[in-house]
Number of protein chains: 2
Amino acid sequence: MNDKMTHTAAPQLPEPTLRRLPWYLAYLSTLHDGSTEYVSTTRIAEALDVDTSQIAKDLSFLGIRGKTRMGYSVETLERTLQDFLGFGRRHNAIICGTGSLGAALIADSGLQHFGLNIVAGIDINPVLIGQRICDVEIFEPLQAAELVKKFKAVIGIIAVPVESAQAASDNLVSAGVHAIWNFTPSRIRVPEGVVISNTSIYSHLAVMYNRLNMQGQ
Amino acid sequence: MNDKMTHTAAPQLPEPTLRRLPWYLAYLSTLHDGSTEYVSTTRIAEALDVDTSQIAKDLSFLGIRGKTRMGYSVETLERTLQDFLGFGRRHNAIICGTGSLGAALIADSGLQHFGLNIVAGIDINPVLIGQRICDVEIFEPLQAAELVKKFKAVIGIIAVPVESAQAASDNLVSAGVHAIWNFTPSRIRVPEGVVISNTSIYSHLAVMYNRLNMQGQ
């Protein structure tokens, strides 16, 4: 169905490991000084405040081993992480809700560097239909199935107001996406087999405010 | 030091509870149909797929109790949650890095609805200094301390490239912010007493890609 089918399916990884792998990748990118060919788990551990044994265990999932006394080749480790995490492959996404947050996500070119390609927008506001944000055209909700097919979209991004989140997700799932990336503070339900990922930046704010408050700030 | 000092310090809450509270608030906002005065934990549980006992426990932290057979007053619960989570108060923030992601965050008016007020930007790009994004002026890194004082900023947002994340955070912490909201995939270290909140949207992408991959998508 798409080019990712040709890749070997990734092993089931514990989510904490999957969340740490991008830290390692980010750290490696700080070593591009031309003089660092190998990096040890000790050095990564010091930089990231993660146990060396944890790092070795996390990296073992990649099927990559360091050399005794030298550690990991920075170049190989970086390429392996990049590939393993899927950041090097293109994943087409349709974003539902092109208001403030939706438009911001479309405008964030960082997502493209991590393999996410927003190919179309959906909005219920008739004024927006047919318009473009950074070259991404906005369509009506009814066109979802047609868009998923045309653009081979696998991911649906939800950036609508809370009260429309479930309906927007249902619409994209019916249209054929295999994953929902939910940016609303809403709890969205998806059928079995559909991947759901919640990035509720506003919930993170609540945690931060509470911690600040505890310190009397 | 600022108006938040006059509020009673919030109790230390388990982070999972703090992350669920915004779901309840989001759900309540879907009940604004004029006909729903009370809501039961059973009804919230059905909508959000969370145990009724968990909901009752979470809400007990707010010092609010439902009425037997009726449940919670939607209005009271909503106001209490809003207040408890700090979304109704203003928290001034300075954002470091005003490239693609930084500019997107400045443009996202949703953050303001949740109490976050971005008052100034910082960037190392001389071309950007003195410019404005949605009325938010951009300054040099050296001006951080002056900006924190002038705007009574308590939060520093990090939206710089990975390799500059730690330095940008150190600069804002020295300047006097009490919390760092890190949007980079980097692991940032802060001194004891400073709150750190990580919203690595790219790590969430890695988790989502892996789950999709496992399904052969």
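For the structure itself, consult the block above.
Now for a look at the structure at hand. Note that the coordinates shown come from a computational prediction; the quantities given were computed from them, not determined experimentally. (Residues numbered from 1 in each chain as written. Chains lettered and ligands numbered in written order. Predicted model: local features only at pLDDT ≥ 70, side-chain atom pairs only at ≥ 80, totals over all residues. Heavy atoms only, no water.)

Some points on empty space enclosed by the protein
- Applying the stated criterion to the full structure yields one cavity of 30 Å³ or more.
- The volume enclosed by the largest cavity comes to roughly 100 Å³.
- For the largest cavity, the full set of lining residues is A:Leu101, A:Ala104, A:Leu105, A:Asp108, A:Phe183, A:Ile201, B:Leu101, B:Ala104, B:Leu105, B:Asp108, B:Phe183 and B:Ile201.
- Elements with a minimum of two residues in the lining of the largest cavity: helix H5 (100-107) of chain A together with helix H5 (100-107) of chain B.
- When its residues are assigned to classes, the lining of the largest cavity shows 10 nonpolar, no polar and two charged. (1 Å grid on protein atoms, 1.4 Å probe; cavity = no way out; pocket = protein on both sides within 12 Å on 5 of 7 lines; lining within 4 Å. Points joined across faces, edges and corners; volume = space filled by probe spheres on them. Helix = DSSP H or I, 4+ residues; strand = E, 2+ residues; numbered from the N terminus. Nonpolar A, V, L, I, M, F, W, Y, C, P; charged D, E, K, R; others polar.)

Overview of the pairing of strand E7 (residues 155-158) of chain B
Residue and element names in this part refer to chain B.
- Both faces of E7 are covered, namely the face carrying Ile-155 and Ile-157 and the face carrying Gly-156 and Ile-158.
- Sheet analysis places strand E3 (residues 91-96) next to E7, joined by four bridges and oriented parallel. Bridging from a neighbouring strand, Ile-95 pairs with Ile-157 of E7.
- You can see the chain leave E7, run along helix H8 (residues 165-175) and come back into strand E8 (residues 179-182), and the turn it takes is right-handed. (Buried < 20%, exposed > 50% of the residue type's maximum accessible area, 1.4 Å probe, protein only. Pairing = 2+ DSSP bridges. Right-handed = clockwise from strand over helix to strand, strands pointing away.)

Here's the deal with the sheet that holds strand E8 (residues 179-182) of chain A
- Pairing in this open sheet of seven strands is mixed, and the strands run E5-E6-E4-E3-E7-E8-E9 (chain A) from one edge to the other. The two strands at the open ends of the sheet, each matched to only one other strand, are strand E5 (132-133) and strand E9 (195-198) of chain A.
- Strands in contact with helix H9 (residues 201-214) of chain B are strand E3 (91-96), strand E4 (116-122), strand E7 (155-158), E8 and E9 of chain A; relative to E8(A), the strand with the most contacts, it is inclined by about 165°. (Contact = heavy atoms within 4.5 Å. Axes fitted to C-alpha atoms, helices over the stretch in contact; angles between N-to-C directions.)

Regarding the nonpolar core
- Core analysis: the biggest nonpolar cluster contains 106 residues, and A:Ile155 and B:Ile155 have the highest contact counts within it.
- Residues within four places of A:Ile155 in sequence aside, it is in contact with A:His91, A:Asn92, A:Ala93, A:Ile94, A:Leu116, A:Val177, A:Ala179, A:Trp181, B:Met208, B:Tyr209 and B:Leu212. (Core = buried A, V, L, I, M, F, W, Y, C linked by side-chain atoms within 4.5 Å.)

Re the interface of chain A and chain B
- Every contact between the two is made by 75 residues of chain A and, on the other side, 75 residues of chain B.
- In total, chain A and chain B occlude about 6800 Å² of area from one another, counting both sides; carbon and sulfur atoms represent 61% of this.
- Joining chain A to chain B, the criterion identifies two salt bridges.
- Ionic pairing is found between A:Glu15 and B:Arg211, a salt bridge with its closest N-O pair at 3.9 Å.
- Run the count over chain A and chain B and you get 24 residue pairs in polar contact (both at pLDDT 80 or more).
- Split by residue class, the side of chain A that touches chain B holds 40 nonpolar, 24 polar and 11 charged. (Buried area = accessible area lost by both parts, 1.4 Å probe. Salt bridge = Lys/Arg side-chain N within 4 Å of Asp/Glu carboxyl O. Polar contact = N/O pair within 3.5 Å; in protein donor to acceptor, adjacent residues only side chain to side chain.)

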